[in-house]
Amino acid sequence: MAHKSHSEQTTLKSLVKLLPATSQGEPRHIGTAVMPDLLLDPVYANTVETEFDTVCVEHHLKWEPLLASKLARTGECVYDFTDADFIVDWALSKGLSVKGHTLVWHVTSPKFLEEKSANDLMEAVRRHIHTTCGHFYSRIKSWDVVNEALAPDGSFAETMFTKKLPALEFIEDCFRWAKTADPLPRLIYNDNKVEAVNAQKAIEMYQMLKILKSRNTPLDAAGLQAHFDASGTGLKRPAAPGLIFRQIEKLADIGLSTNISELDVRVAKLAGFDLDGKNRVQKDIYERTLTSCFRSTHFDGVTFWGFTDKHTWCNTFYWPDTPLLFDINFKRKPAYYGVCNSIMNVLNEMDWEGDWVPSSPVMTHSAASESAPPRTDLPDWKLEDHNVA
Ligand code: XIL
């Protein structure tokens, strides 16, 4: 491999480029979710352009938002692609790829669908997929076709769609409609709490995807959301990196590659650590999780659900937190270097002969975290615990 020199100017995408392609011959990607109004801030836009090779449309490709903006402005219930087009065109003009999120998600679908008969509902979804995929024909590289179709226990979620239509056949149809509308994008099934191979929901998702593949559904990949809370216990605990690796390998057995689709790591509720300690735990979670992922040749890449703590959905959906790679002043956090290390860790395990990349700045233990009381609510993330199953 060609020698390459790195300096402090190393960026996430310059590192990820050093990794070999996946088993399916795809280059690995490293992306972030973006919001259109924020792209007007040059610091925000420059950071996206410099650090990432892919952007994901965080909200403005969902069904309801596609209708809502026009509805609010003119009272008309028709598609308005202004915001989504702005993001997609901006990204393409900067040489970045675009991930579309998401064609079918009950949570952000218009309520008027609930009034429709089964046949009319099917036809509405078909037209929605054709309209949206068709509008972005050849501009979007991968699509989350169906999002969160499964309930926490892995059964089909009861939604406006599954109340009237057989769930599995409906999901299959959605993929076929997307393929017809635009044959090129990689088509993805995306869900939450399916990162660890042994989680009940992950087992059920695998079974569902296996059946879909056996029916030759045009399905290329699985997306594991990975919205992690470092203080979570039980089902809310971040999945162990080794279990994520095994999940990726298992999905490859049925011909699917895997991506991490919405990664963020909340730390605000981590008891017993000061800010410095929280940052270190967060860095470790990012580093160990992504080291495990990039180790698999069936891992397509990662999308972070935003990149600066200045703008994160966690602040409104959960609580004020600092879950991302850059602080509110767009300064790289320890978490950022954890992601760099994850790529370097994997390169170091291969026959990589590039120059050494400076590792993360030395993190110092603060007096407060040194004297923190011992934890009592384990299992949880600890700095010493490698947690690989
Ligand atoms: C969230 C966005 O981040 C918010 O801006 C929006 O208000 C609501 O949706 N799982 C998903 C994402 O699949 O689409 C969600 O995104 C976060 C949870």
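Residues numbered from 1 in each chain as written. Predicted model: local features only at pLDDT ≥ 70, side-chain atom pairs only at ≥ 80, totals over all residues. Heavy atoms only, no water.

## Remarks on the site of the ligand
In the vicinity of the ligand there are 13 residues, among which E58, K62, H101, N147 and E262 approach most closely. In the environment of the ligand, an oxygen atom lies 2.5 Å from a nitrogen or oxygen atom belonging to the side chain of E58. The contact in question runs from an oxygen atom of the ligand to an N or O atom on the side chain of K62, over 2.8 Å. When isolated, the ligand has an accessible area of 410 Å², and the protein chains bury 80% of it. (Near = heavy atom within 4 Å. Polar contact = N/O pair within 3.5 Å; in protein donor to acceptor, adjacent residues only side chain to side chain. Areas by Shrake-Rupley, 256 points an atom, 1.4 Å probe, with all protein chains shown as cover.)

## Points about helix α5 (residues 118–135)
With 18 residues, α5 extends 26 Å between its outermost C-alpha atoms, agreeing within 8% with the 26 Å of an ideal straight helix rising 1.5 Å per residue. The set of residues buried in α5 consists of L121, A124, V125, H128, I129, T132 and C133. Axial view of α5: buried residues confined to an arc of 140 degrees, hence all on one face. In α5, the exposed positions angled more than 90 degrees off the buried face are occupied by N119 and R127. (Helix = DSSP H or I, 4+ residues; strand = E, 2+ residues; numbered from the N terminus. Expected span 1.5 Å × (residues − 1). Buried < 20%, exposed > 50% of the residue type's maximum accessible area, 1.4 Å probe, protein only. Arc of directions from axis to C-beta.)

## Re the environment of F294
Tracing the backbone shows F294 in helix α9 (residues 275–295). Between the alpha carbons of F294 and N259 there is a distance of 9.9 Å; along the sequence they are 35 residues apart. If near-sequence neighbours (up to four positions away) are discounted, F294 is found in contact with V16, L19, R28, F299, G301, V302, S342, I343 and V346. (Contact = heavy atoms within 4.5 Å.)

## Side note on the packing of α9 against helix α11 (residues 334–349)
Between α9 and α11, whose axes approach to 7 Å, the crossing angle comes to 30 degrees. Accordingly, the angle class assigned to the pair α9 and α11 is roughly parallel. Our pair here, α9 against α11, has a crossing hand that is right-handed. Across the interface between the two elements, N279, Q282, K283, Y286, E287, L290, T291, F294 and R295 of α9 pack against P334, A335, G338, V339, N341, S342, I343, N345, V346 and E349 of α11. Considering only residue class, the contact of α9 with α11 consists of eight nonpolar, seven polar and four charged. (Axes fitted to C-alpha atoms, helices over the stretch in contact; angles between N-to-C directions. Parallel < 35°, antiparallel > 145°, perpendicular 65-115°, else oblique. Left-handed = near helix turned anticlockwise from the far one by under 90°. Nonpolar A, V, L, I, M, F, W, Y, C, P; charged D, E, K, R; others polar.)

## Description of the packing of aromatic side chains
Under the definition given, this model contains 16 aromatic pairs. Ring geometry for F81 against F136: centres 5.5 Å apart, planes inclined by 85 degrees, an arrangement best described as edge-to-face. Residue F81 is located in the loop between α3 (63–74) and α4 (82–93), and its partner F136 is located in the loop between α5 and β4 (142–147); the two are separated by 55 residues in the primary sequence. Exposure class is identical for F81 and F136. Each is buried. Residues F307 and F326 carry aromatic rings whose centres are separated by 5.9 Å and whose planes lie at 90 degrees to one another, so their mutual orientation is edge-to-face. (Phe/Tyr/Trp six-rings, centres within 6.5 Å; stacked < 30°, edge-to-face > 60°.)

## So, the environment of P183
By the secondary structure assignment, P183 is in the loop between α6 (167–181) and β5 (186–191). Separated by 35 residues in sequence, P183 and P218 have C-alpha atoms that sit 9.3 Å apart.

## Considerations on the side chain of H227
Mapped onto the elements of the fold, H227 is located in strand β7 (residues 227–229). One polar contact links H227 to E262, side chain to side chain, over a distance of 2.6 Å. A polar atom in the side chain of H227 sits 2.9 Å from the side chain of D264. When near neighbours in sequence (up to four residues on either side) are disregarded, H227 contacts E262, D264, R266, W305 and W313.

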